[in-house]
Amino acid sequence: SLKSGNRAIFTDTTFDGNTSLATKNSDGDRFGGGAVFVNACPLELHNVTMTKNNSSYNGGAIYITNGTDLLMLDSTLTENTASGSGGAVYSAGSKITMFDDVVNKNQAASGGAMYLYTDANSYICRSEFNDNTSTSNGGAFYVYTGGEKTFLHSCSVSGNTSAKYGGGFYVS
């Protein structure tokens, strides 16, 4: 867990089989992040692998919030699970920039790969989102936007499954 004022940079690192129980804090809030939780500070992932991490709430591998800028390059997020939203990544009000990443075989109730509850633009380039599963909406992506944009360029979104709406994308 990182909080405002810090910076986290992970290079050539593996996170495997970590769990966040995401119990309520003294304010009654629940968060998550099976491998990494970051609040209001930059996070960079360079050639990072996150596999089989779990959150009993949101963000099977990563939970970012309050203006965290996530830069992810050449990284792989596979087989992560969240009981709530964002099988691999849950983002609340945070900017995401991704290049050449693999986000496959993740699972959540909403947003099998990524749940973007966003007040910031997200830019995703040359990345793949395949075989992710949602038991509700958004097999790969669930995007809840306050007018901001999510850009995908030269990406693969394939073989994702949603029990309700948006096998690849659900936008609200």
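See the structure printed just above.
Residues numbered from 1 in each chain as written. Predicted model: local features only at pLDDT ≥ 70, side-chain atom pairs only at ≥ 80, totals over all residues. Heavy atoms only, no water.

Engineer: Sorry, what's going on with the pairing of strand S20 (residues 141-145) here?
Structural biologist: The two faces of a sheet get side chains in turn, since along a regular strand they alternate between them. One ladder, built from 5 bridges, connects strand S16 (residues 114-118) with S20; its direction is parallel. Residue pairing in the sheet places Tyr-115 in a bridge with Tyr-142 of S20. Two strands pair when backbone bridges link them, and S20 and strand S24 (residues 169-171) are joined in this way by 3 bridges, in the parallel orientation. Its bridge partner being in S24, Phe-141 is matched across the sheet by Phe-169. (Pairing = 2+ DSSP bridges. Helix = DSSP H or I, 4+ residues; strand = E, 2+ residues; numbered from the N terminus.)

Engineer: Whenever I open this one, the side chain of Asn-137 confuses me. Can you help?
Structural biologist: Inspection of the secondary structure puts Asn-137 in the loop between strand S19 (133-134) and S20. Once residues lying within four places of it in the same chain are set aside, the contact partners of Asn-137 are Ala-109, Ser-110, Gly-111, Tyr-142, Ser-162, Lys-164, Tyr-165 and Tyr-170. (Contact = heavy atoms within 4.5 Å.)

Engineer: Hey, could you run me through the environment of Asp-119 in this one?
Structural biologist: Tracing the backbone shows Asp-119 in the loop between S16 and strand S17 (122-125). A sequence separation of 14 residues divides Asp-119 from Lys-105, and the C-alpha atoms of the two residues are 27 Å apart. In this view, Asp-119 contacts Gly-93 and Glu-148; residues no more than four positions away in its chain are not counted.

Engineer: Explain the sheet that holds strand S13 (residues 95-99) here, please?
Structural biologist: Strands pair in a sheet through their backbones, by hydrogen bonds, and they do so in one of two ways: parallel or antiparallel. As summarised here, the arrangement of the 6 strands in space is S1-S5-S9-S13-S17-S21, forming an open sheet in which the pairing is parallel. Looking along the sheet, the strands with just one partner apiece sit at the ends: strand S1 (8-11) and strand S21 (150-153). Averaged over all pairs of adjacent strands, the angle between their axes in this sheet comes to 5°, without regard to strand direction. Pairing of strand S5 (residues 43-46) with strand S9 (residues 69-73), which is carried by 4 bridges, proceeds in the parallel orientation. The residue of S9 that forms the bridge with Glu-44 is Leu-71. (Axes fitted to C-alpha atoms, helices over the stretch in contact; angles between N-to-C directions.)

Engineer: How should I be thinking about the sheet that holds strand S3 (residues 19-20) in this particular structure?
Structural biologist: If you walk across this open sheet you meet the 6 strands as S3-S7-S11-S15-S19-S23, and the pairing is parallel. Across the chains shown, the open sheet's two edge strands, defined by having one partner strand only, are S3 and strand S23 (161-162).

Engineer: Explain the environment of Val-103 to me, please; I cannot follow it from the model alone.
Structural biologist: Of note, Val-103 is situated in strand S14 (residues 102-104). For Val-103, a relative accessible area of 1% corresponds to the buried category. Aside from chain neighbours lying at most four places away, what touches Val-103 is Met-72, Leu-77, Ala-88, Met-98, Ala-113, Glu-128, Phe-129, Asn-130 and Asn-132. (Buried < 20%, exposed > 50% of the residue type's maximum accessible area, 1.4 Å probe, protein only.)

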